[in-house]
Amino acid sequence: MSEAAEPLLSIRELRVEFATDAGPVPAVRGIDLQITAGETVALVGESGSGKSVTAMSVMRLTEGQIAAGSIHFQGRDLASVPEAELRSIRGGQIGMIFQEPMTSLNPVFTIGRQIEEVLVLHQRLSGRAARAQALELLQRVGIPAPERRLTQYPHELSGGMKQRVMLAIAIACRPRLLIADEPTTALDVTIQAQIMELLRSLQREFGMAVLLITHDLGVVAHFAERVLVMYAGKIVEQGSVRDVFKRASHPYTQALLAALPDPLKPAKRLEAIPGRVPSPSLLPRGCAFCARCAYAFEPCPDRQPPLYPVGDAHSAACFLRQP
Amino acid sequence: MSIPVDPTPEALALGASHPDAEALGLAETPAQQLWRTFRKDRLAMLGLYVLVALVIVALLGNLLTGWWVVFDPATVRLPDKLLPPLSHASSALSKDLRPPFEAYPFGTDELGRSVFARMLQGSFVSLSVGIVAVSISLGIGVTVGGLAGFYGQRKIGPFSVDTLLMRFTDVVLCFPTFFLILTVVALLPPSIYNIMIVIGITSWMSTARFVRAEFLALREQDFVTAAKALGLPEWRIIFRHMIPNALAPVLVSATINVAHAILTESALSFLGFGVRPPYATWGNILADGRSYIFDAPWLFLIPGAAILLVVLSFNLVGEGLRDALNPKLRKRAG
Amino acid sequence: MWRFLVRTIAQRLLLLLVISIVSHTVIHLAPGQPTEVDAMNPMMKAEDIARIRQSFHLDDPIYLQYLNWMKDLGTGELKSFRDGLPVVPKIWGRFLNSLPLFLCTTLIVWTASFPIGIQAALKRGSRYDRGTTFVAYTLISIPGFFLSYLLILWVVRTFHLPVIGLQTFGTEGANGAVRVMDRVWHLVIPSLMAALTGIAVLSRYVRAQMLEVLGQDYVRTARAKGLAEEHVVYGHALRNALLPFVTMFGLLLPGLISGSVIFEQIFAWPGLGLLGYESILARDFPMILTLNFMAAALTLFGILLSDILYALVDPRIRLQ
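Residues numbered from 1 in each chain as written. Chains lettered and ligands numbered in written order. Predicted model: local features only at pLDDT ≥ 70, side-chain atom pairs only at ≥ 80, totals over all residues.

Trainee: Hey, could you run me through the overall build of chain C in this one?
Mentor: Counting its secondary structure elements, chain C contains 16 helices and zero strands. Each of the 320 residues in chain C was classed as buried or not, and the buried ones make up 36%. Contacts spanning at least 24 positions in sequence make up 71% of the contacts within chain C whose residues lie at least 6 apart. (Helix = DSSP H or I, 4+ residues; strand = E, 2+ residues; numbered from the N terminus. Buried ≥ 20, exposed ≤ 12 C-beta atoms within 10 Å, placed from the backbone. Contact = placed C-beta atoms within 7 Å.)

Trainee: Please explain the overall build of chain B as it appears in this structure.
Mentor: Within chain B one finds 13 helices and four strands. Taken over 334 residues, chain B has a buried fraction of 43%. Partitioning the contacts of chain B with sequence separation of at least 6, the portion at a separation of at least 24 is 64%.

Trainee: Any chance you could explain the sheet that holds strand β2 (residues 23-35) of chain A here in plain terms?
Mentor: Pairing between the strands of a sheet comes from backbone hydrogen bonds, and it takes one of two forms, parallel or antiparallel. Residue and element names in this part refer to chain A. Read from one edge of the open sheet, four strands run β2-β1-β4-β5, paired in antiparallel fashion. With partners counted over all chains shown, the strands left at the sheet margins are β2 and β5 (76-77), one partner each. Summarising the sheet, strand β1 (residues 9-20) and strand β4 (residues 65-73) pair through seven bridges and their orientation is antiparallel. Each residue of the ladder has a partner; that of Glu17, found in β4, is Gln65. (Pairing = 2+ DSSP bridges.)

Trainee: Would you mind showing me how to read the interface of chain C and chain B here?
Mentor: Often the size quoted for an interface is simply the accessible area lost on bringing the parts together. With 32 residues of chain C in contact, the opposing surface of chain B contributes 31 residues. Going through the elements one at a time, α1 (2-29), α6 (127-141), α7 (144-159), α12 (255-258), α13 (261-266), α14 (272-281) and α15 (285-313) of chain C are the ones with two or more residues in the side of chain C that touches chain B. Top contributing element to the side of chain C that touches chain B by residue count: α15 of chain C, with six residues. Taken together, the residues that form the side of chain C that touches chain B break down as 24 nonpolar, eight polar and no charged. (Nonpolar A, V, L, I, M, F, W, Y, C, P; charged D, E, K, R; others polar.)

Trainee: Which parts of the structure should I look at to understand the interface of chain C and chain A?
Mentor: Taken together, the contacts link 17 residues of chain C with 24 residues of chain A. If you list the elements that add at least two residues to the side of chain C that touches chain A, you get α9 (217-224), α10 (229-241) and α16 (315-318) of chain C. Top element by residues in the side of chain C that touches chain A is α9 of chain C. It accounts for six residues. Tallied by class, the residues present in the side of chain C that touches chain A amount to six nonpolar, five polar and six charged.

Trainee: So what exactly am I meant to see when it comes to the pairing of β1 of chain A here?
Mentor: It is a general feature of regular strands that their side chains alternate between the two faces of the sheet. All names here are of chain A. Direction of pairing for β1 relative to β2: antiparallel, over a ladder of 10 bridges. Its bridge partner being in β2, Arg15 is matched across the sheet by Arg29. Taken together, β1 and the strand that follows it, β2, pair antiparallel across an intervening segment of two residues.

Take a look at the structure:
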């Protein structure tokens, strides 16, 4: 557990809202999140939990408005810095890769051009130096025959290769933090493993911190050190991966883990969680999970539980854990 | 399982577009949803009001100028010629020639005919030219597009049905539409039906394309496979199941085509090939008024403004429909 | 890519043949003999009419007439009914008149539509966007000749300047600079009028394309790289949004004939459109036929050009 080091990224009480015809709708309802240098932190949740919005908000890439809270990165609050400063951080100090590699690259520019762009912008490399650097990067991310790839267009690459290119672009300027928004969701399982391994080796080599957004608990178990579980725009449990998996303390986390099929017990019924994730525009007054919770009791429908500590740097937002 | 919740006011406002609508008892049919989205577009609603008013005016106009004549468009009143709008009938007029209310709301033309009466009469004709022409084009377009989309893979000789129909569409598309209409209309005996038909048979191509695209997409969908698995005959699948779903772009296309047909008719009249007397259309009133631009501008301005208003309304309604039917443009709730 | 091109060209040529046959058939199906116009003239005797009919092969079966037409067109021998002069030089002459009008109109439309459309997309929902939207719809809905006449009315009344025709009557003797200025002036108003509808339509399309592209993932990636917003919009987004317009370029060609009938009539501009109109009035079959055919052929070449341009510009097609 890293405590003495100043956190690289510190998000406090972040609230993000989307403007709709019927008024503002909250997608993220006050979350705290810290990452220290070199750490791998996973943000886990179902679709609609607000995890992607959180990731995009770090660099103000989302259409939603940051309604409250702060995002401190290396001493600056990214939620309120001027555009020019934000732009120097994007791609330079913080890199990001997205879920859909098939559509994340510009179809009319060559691969080489798209990588060199970042190098020229942040490191002011000349054309030739940038090209050489781009070649090295392609090699580093494991793309075979990189010289050919430089002049190829995105449609000539497979999904896995495109994601490697996205990684190359994201790490080109040695960022301190890499945000990976569901990087393997759209890829085949075998490619998934390769990409995650690549991510890990890159992280070790460059000493980057990684914020990994995913809904796949298996990926979390293999690659993250700490995990935060999100539900309906709030963090419901957080702690080290070991603690959260072994001693899940929030009913939602427990249900998620119980829902995983166990290869050692093939005859066991799949345990689905009854009910549905509430829509952000129709959120209950109390705990958002209350309606689907097997343990709901008296305070749950009326008040929202804060995070209560349940172990060493391990907390859960449930009244059951109230001391 | 019911969800004990307090719906926020925003949620209630979202109403049936809400994902939990059924639980809240707020669900609605796609048609109601379409209407609700359409209603939000103020310009489109304005266009709709104008069109409704137009239909009423056209029907009333036809009634009041043809059957139970209150405003007679054919009465020639030479003493009262070329009077500006809102002028009174002169006293020199004999009793049976007097206009209702002793006034000319839109003035008179070079023969002393009431422009208001002529415009009333023309409204019905102009509107029906547009609607009949587009009905014809819809009929052809939906048939061609539907056949190409549904039976596209079947072959007749070395070519597939789809290729044949689409090449045919391409050929017709190649012709300069207006020029072709002009050619045909000029060479045929002048009649309002000819004009309707010609406009109809030269504007079906975009409808055919849309319908074909929709059918191609729909054909792959599960409900069609399910219907086939149930053993439903093909014509029934096409008519009862696929066409209602494909109607969306057709509706948009139809509205915009009516606007275009009315414009075309007025352009034809301008060139002297439009609908001939005794029918008055706004197009030929406008064309006649051309000679009097300097001396009696209302003869030109009034029909022109009327055409503009009506065509604009059709266009606004058409675009409003298109926006309402396009799911991508609807704002997501979170 | 070459196979794609060859195949496309072959298809288009076949289409051209079909179009010529269809044109010919349609015109000949229309009732109204060309010699009817002259039949009113009491000076024309029956033998004269028969002679005209024979020299223009009007009594032959329809397929022979088609072949004759094609042959005459190819050899430049095709003669107009109106005055017996060859068709092709006439068309060429009028074409040279229509060309500057067409070029000027196209220039105005394309240079004005893009900034307007792009700004509307960037400022979506703002007053600028709503304003331009409304103006665009109005322009699309106005009958072209209505607006033109209103403008003529205004210009003549306010500025007392002539706007009709190619040049002002009586300037033939003036020196070069004056004549050039005069011709340019006479060109501006009609092209402006003809351009207005074009701008309205094209700018809407530009706006729609820009909006669609701006919502794409790769635009988000470009922003995540830290690029300045202008670079994201004009470098990354626009380059993609422009793709369909390159192909539209080719489709402009047919506008030479069909787009101009009304405007040439209003401004008395002796171009191809007016030629078509006069030929229709006079039932001049060879001329009508040839013009229709040429318009369709132009469209076809336009489509072909679009296909080629598209293949050149979009790397996804180019590298198949």
